[in-house]
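Coordinates in review
Listed below, chain by chain, are the residues.
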Amino acid sequence: KVPPPTSTILLSRKVLMASVADGPTAATARGVEERGKEPTQAAKCGPGGVKRPQKRSYPLHRPKYHAHSSSGGKEYLYLSQEGEEEVLEDLQARQREREQSAIVLRASSTSRTVTVGGALIACLNLGIDPPDQPRHPPCAREQCWFDPSCSLASEALKIIGDRLQTQYQIWQPRARYRQLLDPTASQLQRDLTSLRRSAQRNRVMVHYNGHGVPRPSMNGEIWCFNSSYTKYIPISLYELQTWCGMDRNGRPLPSLYVFDCANTGRVLENFRRFLRKRRRRQSSEEELYIRNSNMSGYSQGLSSDQQKQQKDGCSIDEELFGEMFFLGACDRDEDVCSNPDLPADLFTACLLTPVKAALRWFVVRSMAGRELHAYPLELLDYIPGADREGSQSRQQRNHLFGALNWVLTSILDAIAYDLLPPGRFRRLFRQDVLVASLFRNFLLAVRIGKDLGINPVS
């Protein structure tokens with residue numbers, strides 16, 4: 001083992017590697033053909049006696065040396081044939097690793113989608129209960145942590161819309177949101193189509209609050225209003241899927257649906273039914289095209305899984321929905337929360353203000369069977385870091401609300417990591433910020449809903 005000299009020059013027939021401890025040195029191996037010979041002045045300098053600039057090269061590990069000699073106060077170490085091959089192999093391995101990481105990074109960047117816009121649909125019709133959902137006091141009244149009975153209906157609707165948008169902006173501030181407060185059918189179609197057109201192939205979010213309209217029908221219809229607000233107008237979920245985007249192959253474009261209404265499980269079942277209908281129609285069109293074009297080799301070029309999907313359609317939800325995500329407040333035969341001490345849109349509160357919803361649920365559950373007014377619920381609004389609108393500063397850990405949010409996020413993230421497969425966990429919790437936040441808080445909604453006899457769906 002040779003001690004490191006002041007200047008070490010590694011020579012071979014065609015490669016010279018120079019490493020200097022105390023400063024740059026000009027050295028080259030051009031013109032050196034024999035081992036043990038000191039480089040000439042012409043080899044050290046370029047044409048005209050000008051020194052060549054040194055290019056430092058650092059080997060990945062110490063190579064094997066063949067011999068060394070000392071001349072002129074400098075010690076020359078020569079690479080053996082085996083050491084030169086090792087260096088080349090290491091460089092080739094490093095290059096392969098870089099190429100592979102670049103391919104993986106390119107694939108992940110192309111497959112990643114983000115939420116760029118959202119439609120906040122609030123069909124509340126404040127002051128008038130829907131015909132199939134009469135509300136007899138005491139019942140839940142709060143929407144977005146605001147009691148609409150405290151002000152006029154028009155003002156209360158505007159306040160609820162602003163609070164809902166503020167709560168979404170906390171989780172995804174870069175997205176553009178549109179408030180559709182008690183919309184008509186034409187307004188709904190126009191705004192959703194425009195939202196998809198501006199988002200291109202990125203993800204759009206649709207939040208539907210149907211606490212002021214009838215329940216979703218068994219035929220796959222939700223409700224809005226006519227222009228004079230005298231009738232309920234049905235909107236087919238098939239049309240809603242079309243407005244929010246479907247590609248030419250019948251697959252949905254990236255989208256996220258949040259439904260907070262009664263019997264949400266019906267909406268999910270009809271979503272699945274309409275997607276299968278589109279897939280079967282697309283498969284029949286492809287088969288007709290193949291039959292007319294006499295493309296016998298087309299089916300042979302497909303894999304067995306693809307041929308099975310063409311014959312049977314996509315029966316797996318993950319393959320059927322693709323990049324379409326769905327979150328619902330309750331199952332097909334269930335109603336939303338009616339506890340007067342909890343908000344009417346408890347599902348939305350769990351998704352957007354999880355800490356406040358968890359604290360309210362804990363206090364209500366702890367005070368069950370006691371005098372509830374012994375512990376005023378209004379005290380939860382004065383926790384440092386929170387406000388009466390339910391929003392909170394998620395990044396400021398020095399406040400109590402921010403610290404609780406970080407703890408809750410860590411717990412829910414650990415639960416999701418433990419329950420889900422790695423691929424699905426990365427797809428839901430490591431790509432889109434808004435999707436990750438809503439699905440993480442969905443676990444809290446499932447926990448609270450289970451205590452109240454409600455089963456959220458996704």
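Residues numbered from 1 in each chain as written. Predicted model: local features only at pLDDT ≥ 70, side-chain atom pairs only at ≥ 80, totals over all residues. Heavy atoms only, no water.

Note on placement: D260 falls in strand β10 (residues 255-260). Despite its burial, D260 remains without a salt bridge, the nearest opposite charge being carried by R135 at 9.3 Å. Contacts of D260, omitting those with residues within four sequence positions, involve Y208, N209, G210, H211, A329, V336, D345, F347 and T348. (Helix = DSSP H or I, 4+ residues; strand = E, 2+ residues; numbered from the N terminus. Buried < 20%, exposed > 50% of the residue type's maximum accessible area, 1.4 Å probe, protein only. Lys, Arg positive; Asp, Glu negative; His and termini not counted. Salt bridge = Lys/Arg side-chain N within 4 Å of Asp/Glu carboxyl O. Contact = heavy atoms within 4.5 Å.)

As a further point, take the packing of aromatic side chains. Per the counting criterion, the structure on display carries 14 aromatic pairs. Taking the centre distance of 6.2 Å and the plane angle of 75° together, the rings of F259 and F271 count as edge-to-face. Remark: F271 occurs in helix α6 (residues 264-293) and F259 occurs in strand β10; sequence separation between them is 12 residues. Taken together, a centroid distance of 5.5 Å and an interplanar angle of 25° make the contact between F259 and F326 stacked. Placement of the pair is F259 in strand β10 and F326 in strand β11 (residues 324-328), with a sequence separation of 67 residues. (Phe/Tyr/Trp six-rings, centres within 6.5 Å; stacked < 30°, edge-to-face > 60°.)

The next subject is the confidence of the model for the protein. In this model, the protein carries a mean pLDDT of 77, and residues with pLDDT of at least 70 account for 68%. Across residues 4-36, confidence stays below pLDDT 50; counting only partners more than four residues off in sequence or on other chains, it has 67 contacts. Low pLDDT (under 50) marks residues 104-110, which in the prediction has 1 contact with non-local residues, meaning those over four places away or in another chain. (pLDDT = per-residue confidence, 0-100.)

This part takes up empty space enclosed by the protein. Under the counting rule described, the total for this entry stands at 3 cavities of 30 Å³ or more. Taken together, 14 residues form the lining of the largest cavity, with A329, C337, L346, F347 and I454 sitting closest to its centre. Of all the secondary structure elements, the ones that give two or more residues to the lining of the largest cavity are α10 (346-352) and α14 (433-452). Taken together, the residues that form the lining of the largest cavity break down as 11 nonpolar, 1 polar and 2 charged. (1 Å grid on protein atoms, 1.4 Å probe; cavity = no way out; pocket = protein on both sides within 12 Å on 5 of 7 lines; lining within 4 Å. Points joined across faces, edges and corners; volume = space filled by probe spheres on them. Nonpolar A, V, L, I, M, F, W, Y, C, P; charged D, E, K, R; others polar.)

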